[in-house]
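Examining the three-dimensional arrangement
In case you want the letters, here they are:
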Amino acid sequence: MSALIHPAGKRFLMRKSSNAENLPPTAHAAGHSKKAEALVSAREASRRRRARVVSGSAALRKVVQNAQRRASKTQARPAPCKLETIAEPLPPVSETRETPAQATQLAEDPEVNLGPTLRFPRWLPRPANFPLAFNRENIDACGEAVHGAPHEYILRGLDVAGHSMWQIVNGAIVETNGLGRSVPQEVNVVIPDHVLLAAASPLPNSFPTHVLAIWEQPESEGAQNGVDPRTGRRKVRLVPVHNLVLAAHCANWFPMPTKSSVEQKRVYVNSGGAMGTQLRLPVVAVPVPHVETFHQLLGALYTHKVSRLMDHFVPVPKPAYVLPTPENPKPQNPHYIKETGRRLGARYRPWAIVGMLRQLVGLYQNACRLGISDKRLWVGIDWSWDMLLTGLGYAVGRPDAVPRPQPRIFRGAAPPQQQPAQQHPRQQHPTPSPAYVA
């Protein structure tokens with residue numbers, strides 16, 4: 001046996017040779033010449049070596065397959081074509097010829113042969129009579145503890161306790177076993193102990209007060225939105241909530257039925273022995289325009305996290321923003337909306353961004369239906385809408401299609417007699433501005 005030694009880093013190939021050449025010739029091969037036998041033996045030995053190397057080395061087999069694949073692609077690749085200008089004009093397709101004015105008008109029209117066209121308003125308008133007036137009876141119906149308390153005082157308290165209350169709502173378990181084909185009047189809700197410990201609510205009792213049966217509101221009378229035509233049933237989503245949060249933020253809310261005392265019982269949450277508190281809560285049916293985005297709207301009312309709302313509807317990393325410091329009073333920051341739109345257009349296709357716009361429209365419809373006037377929520381809606389429209393412009397190859405408002409520069413406080421009173425731009429234009437064509 002002989003070995004072929006290669007430099008370091010190379011593959012070692014072992015040559016295994018048989019002892020056939022050392023054996024005496026057989027009787028039937030006595031008539032053959034020694035030169036012919038040596039040639040046949042060399043060919044067989046070479047064939048066996050190639051078979052051993054190819055079958056024993058996976059890397060070499062992969063190299064051979066890649067070479068075959070490249071060779072097939074090279075053969076199937078069409079020959080490059082060369083475009084040349086034609087001196088003579090092409091004959092017209094039809095007998096009717098267009099005048100130069102008509103040809104210029106068609107060339108300047110961006111909607112000619114561009115496929116399907118969708119129109120979006122530049123901004124989503126505010127509801128009528130914004131901000132809406134609240135009904136004090138809805139807040140007083142939440143309990144005796146809020147009777148006579150100012151509305152602003154209640155909102156500040158909810159800003160402090162809203163995060164822990166939202167954790168309890170997310171961790172609540174609605175028991176749906178044994179429910180019939182109709183919406184029940186009461187349902188059991190279990191709050192695990194580990195959820196209460198993680199929430200660490202500053203309020204003495206932060207348990208949910210009601211369970212909402214959310215279903216899609218019909219667009220018109222007689223419409224069967226969300227109803228299965230085969231069974232005649234509608235899908236309903238059960239969501240535990242706090243009545244005070246909705247009554248304090250929604251002007252179009254209504255007094256919900258309350259119970260003097262809620263039944264509480266200690267139960268096991270799982271087979272591991274974890275304990276929890278079981279509540280018997282009333283169920284209230286609430287139709288909304290868009291069921292899929294009601295959870296995001298509810299989370300915005302509890303936490304007021306504008307960044308979390310934009311991260312959900314605009315799923316791309318946002319650009320970093322450097323605040324001015326004494327060492328760097330004028331940092332070079334990219335345009336927040338344009339840079340986010342550029343990243344969105346580079347990552348998603350146009351129709352995927354259109355789907356995001358529809359989701360945001362559903363959230364907007366829910367906010368208008370409930371009469372929400374929270375400024376932080378509307379800032380999140382406006383910024384998300386602007387980012388999505390800008391990203392759609394980048395995705396279709398028209399980054400300048402979305403008009404941008406001119407920045408206003410404030411050089412100091414002007415005297416009251418020289419500064420005219422200006423309304424909010426949303427209040428000046430209650431109807432959508434000129435449409436954006438995608």
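See above for the structure.
What comes next concerns the included structure. Here the structure is a predicted model, which is why all the values come from computation and not from measurement.

Quick notes on the rules
Residues numbered from 1 in each chain as written. Predicted model: local features only at pLDDT ≥ 70, side-chain atom pairs only at ≥ 80, totals over all residues. Heavy atoms only, no water. Helix = DSSP H or I, 4+ residues; strand = E, 2+ residues; numbered from the N terminus. Polar contact = N/O pair within 3.5 Å; in protein donor to acceptor, adjacent residues only side chain to side chain. Buried < 20%, exposed > 50% of the residue type's maximum accessible area, 1.4 Å probe, protein only. Axes fitted to C-alpha atoms, helices over the stretch in contact; angles between N-to-C directions. Parallel < 35°, antiparallel > 145°, perpendicular 65-115°, else oblique. Left-handed = near helix turned anticlockwise from the far one by under 90°. Contact = heavy atoms within 4.5 Å. Nonpolar A, V, L, I, M, F, W, Y, C, P; charged D, E, K, R; others polar. Arc of directions from axis to C-beta. Salt bridge = Lys/Arg side-chain N within 4 Å of Asp/Glu carboxyl O. Core = buried A, V, L, I, M, F, W, Y, C linked by side-chain atoms within 4.5 Å. Pairing = 2+ DSSP bridges. Phe/Tyr/Trp six-rings, centres within 6.5 Å; stacked < 30°, edge-to-face > 60°.

Let's shift gears to the side chain of Ser-164. Counting through the fold element by element, Ser-164 comes out in helix α5 (residues 151–171). Separated by 3.0 Å, the side chain of Ser-164 and the backbone oxygen of Ala-161 make a polar contact.

Backbone phi values are negative for most residues with the exception of glycine, while trans is the configuration of most peptide bonds. Omega for the peptide link from Phe-130 to Pro-131 comes to -5°, which places this bond in the cis form. Tracing the chain through its elements places Pro-131 in the loop between β3 (119–120) and α4 (136–140). Although it is not a glycine, His-304 adopts a positive phi angle of roughly 60°. Position of His-304 among the secondary structure elements: in the loop between α8 (294–303) and α9 (306–313). A relative accessible area of 11% means that His-304 is categorised as buried.

To characterise two packed helices, one gives the angle between the axes of the helices and the distance between these axes. Their axes nearest at 7 Å, the elements helix α10 (residues 336–347) and helix α12 (residues 375–395) cross at an angle of 50°. One element, α10, and the other, α12, form an angle in the oblique class. You can see that α10 and α12 cross each other, and the crossing is right-handed. Packed against α10, whose contacting residues are Tyr-336, Ile-337, Lys-338, Thr-340, Gly-341, Arg-342, Leu-344 and Gly-345, the element α12 presents Trp-383, Asp-386, Met-387, Leu-388, Thr-390, Gly-391, Tyr-394 and Ala-395 at the interface. Looking at side-chain class alone, the contact of α10 with α12 contains 8 nonpolar, 5 polar and 3 charged residues.

This part takes up α9. Within the span of α9, buried status applies to Leu-309, Met-310 and Phe-313. All buried residues of α9 project into a common sector of 95° when viewed along the axis, lining one side.

Next up on the list: the pattern of salt bridges. Counted according to the given criterion, the structure contains 11 salt bridges. One salt bridge connects Glu-186 with Arg-280, and the closest N-O pair in it is separated by 3.3 Å. Placement of the pair is Glu-186 in strand β5 (residues 186–192) and Arg-280 in strand β9 (residues 275–288), with a sequence separation of 94 residues. When its relative accessible area of 27% is taken as the criterion, Arg-280 is described as partly exposed. Its salt-bridge partner being Arg-342, residue Glu-339 comes within 2.6 Å of it at the nearest N-O pair. Taken together, the residues span about one helical turn, with Glu-339 and Arg-342 both in helix α10 at a distance of 3 residues. Taking relative accessible area as the criterion, Glu-339 reaches 16% and is therefore assigned buried. On the accessibility criterion, Arg-342 (39% relative accessible area) is partly exposed. One network of salt bridges, in which partners are shared, links Arg-122, Asp-386 and Arg-404.

One finds Leu-212 and Trp-253 to be the most contacted residues of the largest nonpolar core, which totals 59 residues. Among the elements that make up this core, the one with the highest residue count is helix α11 (residues 350–370) (9 residues). Membership of the second largest hydrophobic core comes to 13 residues, among which are Val-187, Val-189, Phe-207 and Leu-281.

Attention now goes to the pairing of β9. In terms of burial, β9 is a largely internal element, 10 of the 14 residues being buried. Alignment of β5 against β9, held across 7 bridges, turns out to be antiparallel. Each residue of the ladder has a partner; that of Val-187, found in β9, is Leu-281. Across 5 bridges, the pairing between strand β8 (residues 264–268) and β9 is antiparallel.

In this section: the packing of aromatic side chains. Taken as a whole and assessed by the stated rule, the structure comprises 6 aromatic pairs. Taking 6.2 Å as the distance between ring centres and 70° as the angle between the ring planes, the aromatic pair formed by Phe-120 and Trp-385 counts as edge-to-face. Of this pair, Phe-120 sits in strand β3 while Trp-385 sits in helix α12, and the two are 265 residues apart along the sequence. Take Phe-120 and Trp-385: they sit in the same class, and that class is buried.

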